Every structure is written in C-alpha cells, then in structure tokens.
Amino acid sequence: MVYIIQQTEINRYKRTVFERTIIMQVPLLDLRGQFSALKPEIMKAMEELCDSQLFILGPKVAEFESEVAAYSGAAGACGVTSGSDALLIALMAEGVKAGDEVITTPFTFFATAGAIARVGAKPVFVDIDPVTFNIDASKIEEKITPRTKAIIPVHLFGQMAEMEPIMTIAGAHGLIVIEDAAQAIGAEYKGRRAGSVGDYGCFSFFPSKNLGGFGDGGMVTANSAERIERLKIFRNHGMNPKYYHHFVGGNFRLDALQAAVLSIKLKHLDSWTEGRQKNAEEYRRIFAANGLDGKVVLPSEAPYTTRHIYNQFSILVKDGRRDAVKAALQAANVGCDIYYPVPLHMQECFAGLGYRKGDLPVSEAVADEILALPIYPESTAAMREYVVATIGNALK
C-alpha cells in the first residue's frame, strides 16, 4: 500500500511537470490539430479534384456556395479569391466610383477601407462603440452627404455590428449596406446570421479565420438573385457569355481546391465555435479568480448579440501597460498580437483625407490598449491558466 501511494505521487509529479512543459509554448493559433483530425477526408477530396482536373470554378465551388448561403441564411452566394476582393467586387457591382463616399469604421483590417479606395471612392470614418469596438451606429447619420453611396459595418472579432439602426438609416437615405463579415461567419444579431442582413455579406477564408482554407479565399452573400448573378459575371472579367464583356470586372474566381477543403471544414464549424465560446467563458472565470477584473477589460457581448463566434479574444490593458504585458507574454512563449495598433484614419496612405489625432478618440484609445490572446478551440485549460497567470505577474 505504501508503494502504491508513493507511485501515485510520482505519477502526479510527472504529469505536473509534463503539463508545465507543454504550456510553456502557447501559440496564438495552431491549426495542426485541426488538420490532423480532418487529414484523411481532406486528402481524399484533393485527390478526387486532381483526378477531375476541374480547378477553376466548377461543381465544387457551386456546392460550397450553396452551403455557405444556407449556413448564413442568405438567398445565394458567390465564391471569390479573398475577403478583400469580396468587398471590392460588391462595391464594383453597385457602381461605386470616384467621387462617391462610403461610410465605415477606422478600427478594422486595412482591406475594408482599401477596397473603397481601390474603386476611387472616399472612405468616411465613424468612431466605434467602446464596448463592442464595432462602428457606433448612432454616429453614422451625421456623416451622410449627397455623395454617400454605401455603409460598410464591420463585424469585428466575431460579433456583429448593431445592424437594425444601420439598416434603418440606409433605407432612409437610399444607401447600400455591405457587411464586412470576414471575422464573423455564423455570428448572429437578434437571431439573424452575418451576411443575411445587409445587401451584401463579405467573408474571408484566410487560414487564420474560424473557417480557414489552405490559402486565400472569400465569399459574397446576397438576398437578391439578380445581385448574385451580377457578382458572378463581375468575378469573371465581366464576361457573359464567354468572350462577351458587358462591363469591366476582374479575375476574382474562387479555386475549386479551396472550395473542396472549406466544404469539409464547414461541417465542423459549429463545434469549433462552441469550443471558442467555452474558452471565452473560461478566460472570464480565470481572470476573475486572479483578481484582474479592474486591471484589464474583457470582451463583452452586446444585448443584441445572440451568437458571438470569438474569432479573437481581445482584452484592453489599462494605464498604459499594454506593451509591457505583451512583452511579458512573448517572453513566456505565449502568442499574442495587437489588432489593430493604428486606426485607419491615422494611416499614412489616408493622410490626404485630413483626419487628425483626436478626431476619433474611442478608436485611438482602443488601439493603444487592445491585445489578442489565444482562444482557438484546441487550446487547453492549462494554457489559459498560464496565459492569465503571466498577465497577472506582469501587472503586479
């Protein structure tokens, strides 16, 4: 009996040492486990595709378009080359051009405003809500001018923007609404999925997204069959039928390889989302248990949010200590990143728009404090304990 007790203690010690060794490496995202579980099915699909030699558009793309449309609650979908091109093609299809204005948020990835600039239009930035970090719907209407053609709300970090007032404002002024849902596939606002509320929904399948491919890929959803048909013509150089061009489009076609991989992954997306949601709740519990509630601000779910998919778990570190916390995490081999360090209205390429520091104070303040932590579904409880403990030590 004495030997059994001693052996049990030895095993417990070995297990503890093993766990500590593992949690010394906590990547911001690790997709290897996800791929390992799906590898046989994915490799089979890729082999079948190679045998068919149907690499451009074709049945795999059409099948995936139908699946995404159904998943998002939209009437139809058009597969494109990337999330950036999804935004661009939606603007092109609506004829947005030089001299037009498009209202959006300054606190997002560059592609949102970049697409506006690429069609020659002017981005008009509206400050963000300090809780959700999404565009502040109450500040949109004051920015509308006779040149305004569209609004692009961004569903940041997996939580939808406040769409009801945005759609009301757009309807009153005859504006197009293009949802930037690059980080929000499956997110819900009052029970409605991202990509089904506005005139268009734009998705990204960049590998780091909740539904990520093996390279770039994107999708545009719409509730109008006419709009979907127009998008599909635009993505193929404005050609319909072959070699007859009604307008200038581009080469925005989704590869069949990406569609085949993404179609397999889509079947697992809900379980991955549940994992991210569980991890977010666990972070909240651990932060509270470590007495860090007053030192960091954790992500919040707005009252209208019925499904947050947690593409990122971004905290705010107060009192100018964000960079010190980031350095401490990196020194402890914890992956973290800043999304986003410079709001778009302060980017050098948009200096000609005339914005100055202080014009959009909420976006500027959040950019100085925000820090993303690992939340991918395969991460472990031990990892999250280690992450929070590291933050706590840095804030002592």
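Residues numbered from 1 in each chain as written. Predicted model: local features only at pLDDT ≥ 70, side-chain atom pairs only at ≥ 80, totals over all residues. Heavy atoms only, no water.

S.K.: Would you mind going over empty space enclosed by the protein with me for this structure?
M.R.: To find leftover empty space, one rolls a probe the size of a water molecule over the atoms. Tallied over the entire structure, the rule returns 3 cavities of 30 Å³ or more. Computed from the structure, the largest cavity encloses a volume of approximately 80 Å³. If you trace the largest cavity, you find it lined by Val131, Thr132, Phe133, Leu156, Phe157, Gln159, Pro299, Ser300, His308, Gln312, Phe313 and Ser314. Class assignment of the residues belonging to the lining of the largest cavity gives a composition of 6 nonpolar, 6 polar and no charged. Volume-wise, the second largest cavity comes out at about 60 Å³. The wall of the second largest cavity is formed by Leu29, Leu31, Gln34, Ser208, Lys209, Asn210, Trp272, Arg276, Tyr376, Pro377 and Glu378. Residues that form the lining of the second largest cavity fall into these classes: 5 nonpolar, 3 polar and 3 charged. (1 Å grid on protein atoms, 1.4 Å probe; cavity = no way out; pocket = protein on both sides within 12 Å on 5 of 7 lines; lining within 4 Å. Points joined across faces, edges and corners; volume = space filled by probe spheres on them. Nonpolar A, V, L, I, M, F, W, Y, C, P; charged D, E, K, R; others polar.)

S.K.: Please clarify how the pattern of salt bridges should be interpreted in this entry.
M.R.: For the structure shown, the criterion picks out 19 salt bridges. Among the salt bridges present, the one from lysine 232 reaches glutamate 65, with a minimum N-O distance of 3.4 Å. A residue pair is termed long-range when its members are at least 10 positions apart, and lysine 232 in helix 7 (residues 225-234) and glutamate 65 in helix 3 (residues 59-72) qualify at 167 residues. Judged by relative accessible area, lysine 232 falls into the partly exposed class, the value being 29%. Looking at glutamate 65, the relative accessible area reads 5%, which means it is buried. With its nearest N and O atoms 3.8 Å apart, the salt bridge here joins aspartate 85 to arginine 118. With aspartate 85 in helix 4 (residues 83-93) and arginine 118 in helix 5 (residues 111-118), this pair connects stretches of sequence that are 33 residues apart. Residue aspartate 85 is classed as buried on the basis of its relative accessible area, which comes to 12%. The class for arginine 118 is exposed, based on a relative accessible area of 54%. (Salt bridge = Lys/Arg side-chain N within 4 Å of Asp/Glu carboxyl O. Helix = DSSP H or I, 4+ residues; strand = E, 2+ residues; numbered from the N terminus. Buried < 20%, exposed > 50% of the residue type's maximum accessible area, 1.4 Å probe, protein only.)

S.K.: Sorry, what's going on with the layout of surface pockets here?
M.R.: In this structure, the largest pocket occupies an estimated 570 Å³ of space. What lines the largest pocket is a set of 30 residues, among which Gln183, Phe206, Ser208, Lys209 and Tyr340 lie closest to the centre. Among the secondary structure elements, those contributing two or more residues to the lining of the largest pocket are helix 4, helix 5 and strand 8 (200-204). When residues of the lining of the largest pocket are assigned to their parent elements, the largest contribution, 3 residues, is made by helix 4. Within the lining of the largest pocket, the residues separate by chemical class into 15 nonpolar, 11 polar and 4 charged.

S.K.: What is the right way to look at helix 5 in this model?
M.R.: Three- or four-residue spacings in an α-helix give side chains the same orientation, since the helix completes a turn every 3.6 residues. Counting buried positions over the 8 residues of helix 5 gives 6, a clear majority of the element. Buried-residue contacts for helix 5 involve helix 4, strand 2 (101-104), strand 3 (122-125), strand 4 (148-152) and strand 5 (176-180). Positive phi appears at glycine 120, one or two residues downstream of helix 5, with a value of about 90°. (Contact = heavy atoms within 4.5 Å.)

S.K.: Sorry if this is basic, but what is going on with the packing of aromatic side chains here?
M.R.: Given two aromatic rings, one states the distance between the centres and the angle between the planes to describe the pair. Taken as a whole and assessed by the stated rule, the structure comprises 14 aromatic pairs. Arranged with centres 6.0 Å apart and planes meeting at 65°, the rings of phenylalanine 125 and phenylalanine 350 form a pair that is edge-to-face. Here phenylalanine 350 lies in the loop between helix 10 (322-331) and helix 11 (361-369) and phenylalanine 125 lies in strand 3, a separation of 225 residues in the sequence. The two residues phenylalanine 125 and phenylalanine 350 agree in class, both being buried. Ring geometry for tyrosine 283 and phenylalanine 313: centres 4.8 Å apart, planes at 20°, overall stacked. Of this pair, tyrosine 283 sits in helix 9 (residues 269-289) while phenylalanine 313 is found in strand 12 (residues 313-317), placing the two residues 30 residues apart along the sequence. Classification of tyrosine 283 as buried rests on a relative accessible area of 1%. Here phenylalanine 313 falls in the buried class, since its relative accessible area comes to 0%. (Phe/Tyr/Trp six-rings, centres within 6.5 Å; stacked < 30°, edge-to-face > 60°.)

S.K.: Is there a simple way to explain the sheet that holds strand 4 in this structure?
M.R.: Adjacent strands of a sheet pair through backbone hydrogen bonds, lying either parallel or antiparallel. Strand order in the open sheet formed by 7 strands is 1-9-8-5-4-2-3, with mixed pairing between adjacent strands. The sheet terminates laterally at strand 1 (76-80) and strand 3, the two strands that pair on one side only. The sheet shows a mean angle of 25° between the axes of neighbouring strands, direction not considered. Bridging between strand 5 and strand 8 involves 3 bridges; their strand directions are parallel. (Pairing = 2+ DSSP bridges. Axes fitted to C-alpha atoms, helices over the stretch in contact; angles between N-to-C directions.)

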